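Geometric and topological summary
The primary structure of each chain is shown beneath.
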Amino acid sequence: MSALWSLGVVEQLNHMGFGVAYYLHYTLILVILSGLLVLGIYHILIRKLKIEYFQRVTAVGYSCVVFGWMTILSVKQPSSKLDLFGFLSLPISFAPFESLIFTSIIVPQASFIGHLSGIIVGYSIAWGLIHGMNNYWAISMLGWIVVVFLFSLKRTGAFDFSFIEIEPVTDLSLPTVGVITTGNSRTLQMNTLPFDGAELV
């Protein structure tokens, strides 16, 4: 959160082509593309390289976006500083990889792959490989995110959307969660397999 607060300087750099709209547009890009990149890397590690550890890894969080913004600033404004926790100030040009190593040491369950994905997408944006975001594309992408979110809610059974119909798919190797209704009370029952690891992105 401290790093994210420091990165708020992006919103004030209108003269460099940044600003609030730029921040919102490319934050959306970072959320989507870094998430897809993480899933792609996990798929390769599990299916192609047969590393079973990653079958039980859960990645969740926002720090891949923070790492992406660190990377964008390190390219666009290398002379600026990144303040962490109010007492540590890092040159922004080194901040992405310093923070990647520092976080991996201090927080063992932090997702190295998630943070690295944020850095890769950040470089893609900073170098102009991903560009041209405007309000139309941002609103369109946000709309698709809402649609996918509603399908996800329907699939998990948390809410009843009668207008969405999804075929059930059962994988016996994954944990199952069910709700048992007795009278006026509900009980959550969960059958789990042991997790080898969980990661925070």
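Residues numbered from 1 in each chain as written. Predicted model: local features only at pLDDT ≥ 70, side-chain atom pairs only at ≥ 80, totals over all residues. Heavy atoms only, no water.

Observations concerning the overall build of the chain
Along the chain, the regular secondary structure elements total 6 helices and 6 strands. In the chain, the succession of α and β elements from N to C terminus is α-α-β-α-β-β-α-α-α-β-β-β. The buried share of the chain, taken over its 201 residues, is 35%. Summarising the internal contacts of the chain: among those between residues at least 6 apart in sequence, 63% fall at separations of at least 24. (Helix = DSSP H or I, 4+ residues; strand = E, 2+ residues; numbered from the N terminus. Buried < 20%, exposed > 50% of the residue type's maximum accessible area, 1.4 Å probe, protein only. Contact = heavy atoms within 4.5 Å.)

Digging into the UniProt feature "transmembrane region" (unreviewed entry) in the chain
UniProt tags residues 20-46, 53-72, 84-105, 112-130 and 136-153 as "transmembrane region" (unreviewed entry). With 100% helix and 0% strand, the stretch residues 20-46 has end C-alpha atoms that lie 39 Å from each other. End C-alpha atoms of residues 136-153 are separated by 26 Å, and the span's content is 100% helix alongside 0% strand. (UniProt positions renumbered as here; feature names shortened; annotations may be inferred.)

Here we look at the side chain of Thr-27
Turning to its location among the elements, Thr-27 is positioned in helix H2 (residues 20-48). Among the polar contacts made by the side chain of Thr-27, one reaches the main-chain carbonyl oxygen of Tyr-23 at a distance of 2.6 Å. The residues touching Thr-27, leaving out its near neighbours within four places in the chain, are Tyr-62, Val-65 and Trp-69. (Polar contact = N/O pair within 3.5 Å; in protein donor to acceptor, adjacent residues only side chain to side chain.)

Digging into the layout of surface pockets
A volume near 700 Å³ is recorded for the largest pocket. Lining the largest pocket we find 25 residues, and of these Val-31, Gly-35, Leu-36, Leu-39 and Ala-59 sit closest to its centre. When residues of the lining of the largest pocket are assigned to their parent elements, the largest contribution, 10 residues, is made by H2. Of the residues in the lining of the largest pocket, the class split is 18 nonpolar, 6 polar and 1 charged. (1 Å grid on protein atoms, 1.4 Å probe; cavity = no way out; pocket = protein on both sides within 12 Å on 5 of 7 lines; lining within 4 Å. Points joined across faces, edges and corners; volume = space filled by probe spheres on them. Nonpolar A, V, L, I, M, F, W, Y, C, P; charged D, E, K, R; others polar.)

A look at a nonpolar patch on the surface
A surface patch of nonpolar side chains, amounting to about 490 Å² of accessible area, comprises Ile-101, Phe-102, Ile-105, Ile-106 and Val-107. Following the sequence through the fold, Phe-102 ends up in helix H4 (residues 95-106). (Patch = residues over 30% accessible without salt bridge, like charges linked within 9 Å, V, L, I, M, F, W, Y side chains within 5 Å. Areas by Shrake-Rupley, 256 points an atom, 1.4 Å probe, with all protein chains shown as cover. Salt bridge = Lys/Arg side-chain N within 4 Å of Asp/Glu carboxyl O.)

Things to note about the packing of aromatic side chains
With the rule as written, the count across this model stands at 9 aromatic pairs. Residues Tyr-22 and Tyr-26 carry aromatic rings whose centres are separated by 4.5 Å and whose planes lie at 40 degrees to one another, so their mutual orientation is tilted. Residue Tyr-22 and its partner Tyr-26 are located together in helix H2, separated by 4 residues, close to a single helical turn. By the ring-pair criterion, three or more aromatic residues cluster together here, those being Phe-18, Tyr-22, Tyr-23, Tyr-26 and Trp-69. (Phe/Tyr/Trp six-rings, centres within 6.5 Å; stacked < 30°, edge-to-face > 60°.)

Quick word on the nonpolar core
If you look at the biggest cluster of nonpolar residues, it comprises 27 residues, and the most contacted ones within it are Leu-7, Trp-69, Ile-72 and Ile-125. Those elements giving two or more residues to this core turn out to be H2, helix H3 (63-76), helix H5 (112-126) and helix H6 (135-156). Of the residues forming this core, the biggest block, 7 residues, is contributed by H3. In contact with Leu-7, not counting residues within four places along its chain, are Val-66, Trp-69, Met-70, Leu-73, Leu-82 and Ile-92. (Core = buried A, V, L, I, M, F, W, Y, C linked by side-chain atoms within 4.5 Å.)

Examining H2
Here H2 contains 29 residues, and its C-alpha end-to-end distance of 41 Å stays within 8% of the 42 Å for a straight helix at 1.5 Å per residue. Just downstream of H2 lies Lys-50, where phi reads positive at about 60 degrees. (Expected span 1.5 Å × (residues − 1).)

As for the packing of H3 against H5
When two helices pack together, their arrangement is given by the angle between the helix axes and the distance between those axes. At their nearest, the axes of H3 and H5 sit 7 Å apart, and the two run at 35 degrees to each other. In this structure, H3 crosses over H5, and the sense of that crossing is right-handed. Across from Ser-63, Cys-64, Phe-67, Gly-68, Thr-71, Ile-72, Ser-74, Val-75 and Lys-76 in H3, the residues of H5 making contact are Gly-114, His-115, Gly-118, Ile-119, Gly-122, Tyr-123, Ile-125 and Ala-126. Looking at the contact of H3 with H5 residue by residue, the class counts come to 8 nonpolar, 8 polar and 1 charged. (Axes fitted to C-alpha atoms, helices over the stretch in contact; angles between N-to-C directions. Left-handed = near helix turned anticlockwise from the far one by under 90°.)

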